[in-house]
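Okay, here's what each chain looks like letter by letter:
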Amino acid sequence: MATKPTHEQAQLHLQVYDLRREAKLREARDWFQQNYKAETFEEAMRIAPFGTQQGNYVGMVIGYWENACALLNYGLLHEELFFETSGEFFGVWEALKPVVPEFRKQFVDNNLLANLEKAAQRYEAWSERRSPGHIAAMRQLMKQERSSAASAKTA
């Protein structure tokens, strides 16, 4: 059986959660979930160019989750509690995953979004143990959503 979160971990967990409720970050998260469907670096730059509101939204979302996952990876947040209450970071990673290698190359930073990636890898293994097939089903839904978005653009 997993250890229980410490009081300090629970307090930090609530603080991290509370930050998600900030109005501008909530707006950015909503925009990201509805609009960020990039398969290539070029698509990512077209959807959310640097210096635009959309680019700022992407920066806010990835900055928030990279920081939250860094706290998790350093053991400051309780992993089981984080995974049980925060699946959104995994969806963000899945949306970014196709373009991260090119971003790492462009910015000459092999560690770009490394905290998010490491947490997502552990979450995937945790989820598969807990609910086999959940990640595959979620990926299928995301694939359908991207296909629908692509069809709407060409229609």
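Conventions we followed
- Residues numbered from 1 in each chain as written.
- Predicted model: local features only at pLDDT ≥ 70, side-chain atom pairs only at ≥ 80, totals over all residues.
- Heavy atoms only, no water.
- Helix = DSSP H or I, 4+ residues; strand = E, 2+ residues; numbered from the N terminus.
- Rg over C-alpha atoms; globule rule 2.2 N^0.38 Å.
- Buried < 20%, exposed > 50% of the residue type's maximum accessible area, 1.4 Å probe, protein only.
- Polar contact = N/O pair within 3.5 Å; in protein donor to acceptor, adjacent residues only side chain to side chain.
- Contact = heavy atoms within 4.5 Å.
- Phe/Tyr/Trp six-rings, centres within 6.5 Å; stacked < 30°, edge-to-face > 60°.
- Expected span 1.5 Å × (residues − 1).
- Salt bridge = Lys/Arg side-chain N within 4 Å of Asp/Glu carboxyl O.
- Axes fitted to C-alpha atoms, helices over the stretch in contact; angles between N-to-C directions.
- Parallel < 35°, antiparallel > 145°, perpendicular 65-115°, else oblique.
- Nonpolar A, V, L, I, M, F, W, Y, C, P; charged D, E, K, R; others polar.
- pLDDT = per-residue confidence, 0-100.
- Core = buried A, V, L, I, M, F, W, Y, C linked by side-chain atoms within 4.5 Å.

Colleague: Outline the overall build of the chain, listing residues and values.
Modeller: Each helix and strand in the chain was counted, giving nine helices and zero strands. Each helix (α) and strand (β) of the chain, taken in turn from the N terminus, gives the series α-α-α-α-α-α-α-α-α. In terms of overall dimensions, the chain is globule-like: its C-alpha atoms have a radius of gyration of 16 Å, near the 15 Å expected for 155 residues. Principal-axis analysis of the C-alpha atoms gives the chain an extent of 50 × 35 × 30 Å.

Colleague: Kindly report on the side chain of glutamate 94, identifying the contributing residues and their values.
Modeller: Of note, glutamate 94 is situated in helix H6 (residues 88-96). A relative accessible area of 9% places glutamate 94 in the buried class. At 3.1 Å, the side chain of glutamate 94 forms a polar contact with the side chain of lysine 97. Beyond its immediate chain neighbours, meaning those up to four positions away, glutamate 94 contacts Arg139, Met142 and Arg146.

Colleague: Account for the packing of aromatic side chains, with residues named and values stated.
Modeller: One pass over the structure, following the stated rule, counts 16 aromatic pairs. Where tryptophan 65 meets phenylalanine 82, the ring centres are 6.4 Å apart and the plane angle is 75 degrees; that geometry is what we call edge-to-face. With a gap of 17 residues between them, tryptophan 65 in helix H4 (residues 53-73) and phenylalanine 82 in helix H5 (residues 79-85) connect regions that are remote in the sequence. Ring centres 5.4 Å apart and planes at 55 degrees place the aromatic pair phenylalanine 83 and tryptophan 126 in the tilted group. Taken together, the residues phenylalanine 83 in helix H5 and tryptophan 126 in helix H8 (residues 114-130) connect sequence positions 43 residues apart. Of the two residues, phenylalanine 83 and tryptophan 126, both sit in the buried class. The rings of Tyr64, Trp65, Phe82, Phe83, Phe89, Phe90, Tyr123 and Trp126 are connected pair by pair, giving a single aromatic cluster.

Colleague: Which residues make up H8, and what are the values?
Modeller: If you check H8, its first and last C-alpha atoms are 24 Å apart, about what 17 residues at 1.5 Å a residue would give, namely 24 Å. Among the residues of H8, Ala114, Asn115, Leu116, Ala119, Ala120, Tyr123, Trp126 and Ser127 are the ones counted as buried.

Colleague: Account for the pattern of salt bridges, with residues named and values stated.
Modeller: On inspection of all chains with the given rule, the structure shows 13 salt bridges. Measuring nitrogen to oxygen at the nearest pair gives 3.0 Å for the salt bridge that ties arginine 139 to glutamate 124. With a gap of 15 residues between them, arginine 139 in helix H9 (residues 134-154) and glutamate 124 in helix H8 connect regions that are remote in the sequence. You can call arginine 139 partly exposed: its relative accessible area is 28%.

Colleague: Before we move on, could you go through the packing of helix H2 (residues 23-35) against H4 and cite the residues and values that matter?
Modeller: The interhelical angle for the contact between H2 and H4, taken along N-to-C directions, is 105 degrees, at an axis separation of 9 Å. Judged by the angle between their axes, H2 and H4 are roughly perpendicular. Only Gln53, Gln54, Tyr57, Val58, Met60, Val61 and Tyr64 of H4 make contact with H2, whose side of the interface consists of Lys24, Leu25, Glu27, Ala28, Arg29, Trp31 and Phe32. Residues of the contact of H2 with H4, tallied by class, amount to nine nonpolar, two polar and three charged.

Colleague: If you had to explain the confidence of the model for the chain to someone new, which residues and values would you point to?
Modeller: In the predicted model, the chain carries a mean pLDDT of 94, and 95% of its residues have values of at least 70. Across the chain, the element-wise mean pLDDT spans from 81 in H9 up to 98 in H4.

Colleague: Tell me what's going on with the nonpolar core, and back it up with residues and numbers.
Modeller: In this structure, Phe32, Tyr36, Trp65 and Phe89 are the most contacted members of the largest nonpolar core, which totals 40 residues. Elements supplying a minimum of two residues to this core: H2, helix H3 (41-47), H4, H5, H6, helix H7 (100-106), H8 and H9. At eight residues, the largest contribution of residues to this core is made by H4. Not counting the four nearest positions on each side in its chain, phenylalanine 32 is found in contact with Val58, Val61, Val92, Ala95 and Leu96.

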